[in-house]
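Listed below are the residues making up each chain.
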Amino acid sequence: MSDSKDIEMKDAENGSTEVVATTTSNLVEEIEQTFNLLEKAATTFDNRYVSKVLREFSSLRKQLVHDDQVLPAIIAKYVKGQSKENLLLLLGSSAPTTEQAHQQANTIPEIELYIYLLTQTYLLDTSKLQELNQLSPHLILFMKSNNRRSLDYLQAKVWFYISRGKELAGDLTSIRPELLYSLRTASLRHDTETTASIITLLLRNYLLAHEIQQATNLVDKIQFPESAASALVARYYFYLARINAIQLDYSTAHECVIAAIRKAPQTNLAKGFIQSATKLNIVIDLLTGEIPELKTFKNKSSSFEAYFKVTQAVKLGDLKLFGDVLKKYEKVFKKDDNFTLVSRLRQNVIKTGIRIISLAYSKISLKDICIKLHLDSEEATEYIVSKAIRDGVIDATINHEKGYVLSNELLDVYSTNLPQAEFDQRIKFCLSLYNDSVKSMRFPDDNENKAITKDAEPSDEVELLKAIEEGDLDDFMD
């Protein structure tokens with residue numbers, strides 16, 4: 001009985017080995033089919049084939065993580081010389097056998113760069129950051145030595161993973177000279193995709209290093225390609241929104257973040273980006289004095305809870321609640337890189353609280369305002385209320401001697417001439433619009449208007465249409 005069990009176990013092991021070998025060979029064939037598309041792109045100078053390869057790249061990337069034999073087989077067959085040994089060493093694979101060594105195929109730069117791209121993603125997905133950064137100098141040298149327009153889309157992807165590897169390793173400054181050099185080269189070559197990709201990578205690099213002035217200088221000196229992919233355009237607008245928000249230009253930041261959300265691909269792959277952009281949009285709305293709509297927080301993940309609580313604190317004007325929320329969700333805001341912007345909302349909370357108090361009380365002492373808003377002192381309260389009056393937040397006056405705030409009485413607006421003036425302005429606008437519409441209409445002159453009778457000769461256009469319908473166009477041309 002034991003012998004039969006051993007035999008069955010051996011058969012099962014052999015069967016599983018055959019299945020693994022079959023999946024590996026199928027995956028290798030799938031990668032080789034993409035090589036055919038890259039060859040077509042190189043011969044026909046048509047980047048649509050490259051776009052098709054990159055559309056299938058994400059699914060192929062997921063399969064490579066679960067099979068560590070595919071990439072070594074591809075590298076052994078299509079990469080030559082010292083590059084093959086270096087790649088196999090980075091992957092931790094053994095040297096190719098003699099049979100594989102004799103089966104070398106002719107490799108064009110497009111195929112070789114695509115193999116490097118597959119190697120980059122494999123090293124990144126398997127958390128081999130050191131090996132990924134060791135591969136980067138060789139890749140940069142390879143891209144500098146090849147000036148082919150069919151490499152543009154692949155180079156944009158390769159630069160992204162080079163920068164990502166440096167970012168995860170905490171080395172943000174060493175890659176900047178190469179990025180700036182490649183940006184200049186791509187601009188001279190009119191390489192739209194690589195130019196757009198490197199601009200976004202540089203902006204991200206500066207923002208992560210909190211070098212806002214450097215990012216602003218870059219934006220002022222470059223022109224982002226309008227024909228770039230929508231994903232890169234969305235990323236560019238997102239970074240512009242963050243830069244302008246930090247520099248207190250909230251109106252421009254709001255326009256940019258809305259453009260980023262609209263330009264982002266509406267797929268599951270862009271879900272994280274859309275969430276980040278929506279969070280930034282919520283903070284910018286609060287900073288501009290607007291309260292986001294409730295539907296913004298509906299059907300969202302738990303990460304929006306912190307922003308919902310902040311919105312509640314700003315809407316209620318409760319400074320104590322705002323401080324508690326800021327303390328409780330500090331890690332969440334720092335993770336999203338929005339902690340500095342959220343901290344600025346303290347002034348908005350105070351202004352909202354003062355507005356609510358001025359509506360509820362016609363006369364209130366500065367001491368009571370200080371207690372209700374949880375401020376530090378009456379002197380600080382007096383300064384804040386004075387600033388709110390100057391900014392037009394409330395309509396009131398301060399009695400400095402007795403220490404109270406007196407809200408001005410709200411007059412009945414219908415007892416004034418304001419509704420009449422507003423109504424008159426709207427009527428004038430409608431009349432002006434009507435007059436402009438009438439002037440823009442063109443009426444035919446009576447002297448030039450000739451009655452069309454049944455016996456009138458048909459025009460040339462009518463005869464041409466009839467000739468086209470009857471198929472006698474040649475006779476008409478004669």
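Rules used in this analysis
- Residues numbered from 1 in each chain as written.
- Predicted model: local features only at pLDDT ≥ 70, side-chain atom pairs only at ≥ 80, totals over all residues.
- Heavy atoms only, no water.
- UniProt positions renumbered as here; feature names shortened; annotations may be inferred.
- Helix = DSSP H or I, 4+ residues; strand = E, 2+ residues; numbered from the N terminus.
- Buried < 20%, exposed > 50% of the residue type's maximum accessible area, 1.4 Å probe, protein only.
- Expected span 1.5 Å × (residues − 1).
- Contact = heavy atoms within 4.5 Å.
- Pairing = 2+ DSSP bridges.

Per an unreviewed UniProt entry, the protein chain goes by the name PCI domain-containing protein and belongs to Lodderomyces elongisporus. Within the UniProt record for the protein chain, the comment given under Sequence similarities (unreviewed entry) is "Belongs to the proteasome subunit S3 family."

## Observations regarding unusual backbone geometry
Positioned with a positive phi, Ser127 is a non-glycine residue whose angle comes to about 60 degrees. Within the element layout of this structure, Ser127 appears in the loop between helix H7 (109–125) and helix H8 (129–145). The backbone of Leu248 shows a phi angle near 70 degrees, a positive value even though the residue is not glycine. Given a relative accessible area of 56%, Leu248 falls into the exposed group.

## Regarding helix H10 (residues 176–188)
With 13 residues, H10 extends 19 Å from end C-alpha to end C-alpha; this agrees with the ideal 18 Å at 1.5 Å per step. At its buried positions, H10 is contacted by helix H9 (152–168), helix H11 (192–208) and helix H12 (212–221). Count one or two residues on from H10 and you reach His190, which has phi positive near 60 degrees.

## Considering the pairing of strand S2 (residues 396–399)
Only one face of S2 is buried: it carries Ala396 and Ile398, and the other face, with Thr397 and Asn399, is open. Sheet analysis places S2 next to strand S3 (residues 404–407), joined by 4 bridges and oriented antiparallel. From the neighbouring strand, Thr397 faces S3, where its bridge partner is Leu406. Hairpin connection between S2 and S3: a loop of 4 residues separates the two successive antiparallel strands, and Gly403 in this loop has a positive phi of roughly 75 degrees.

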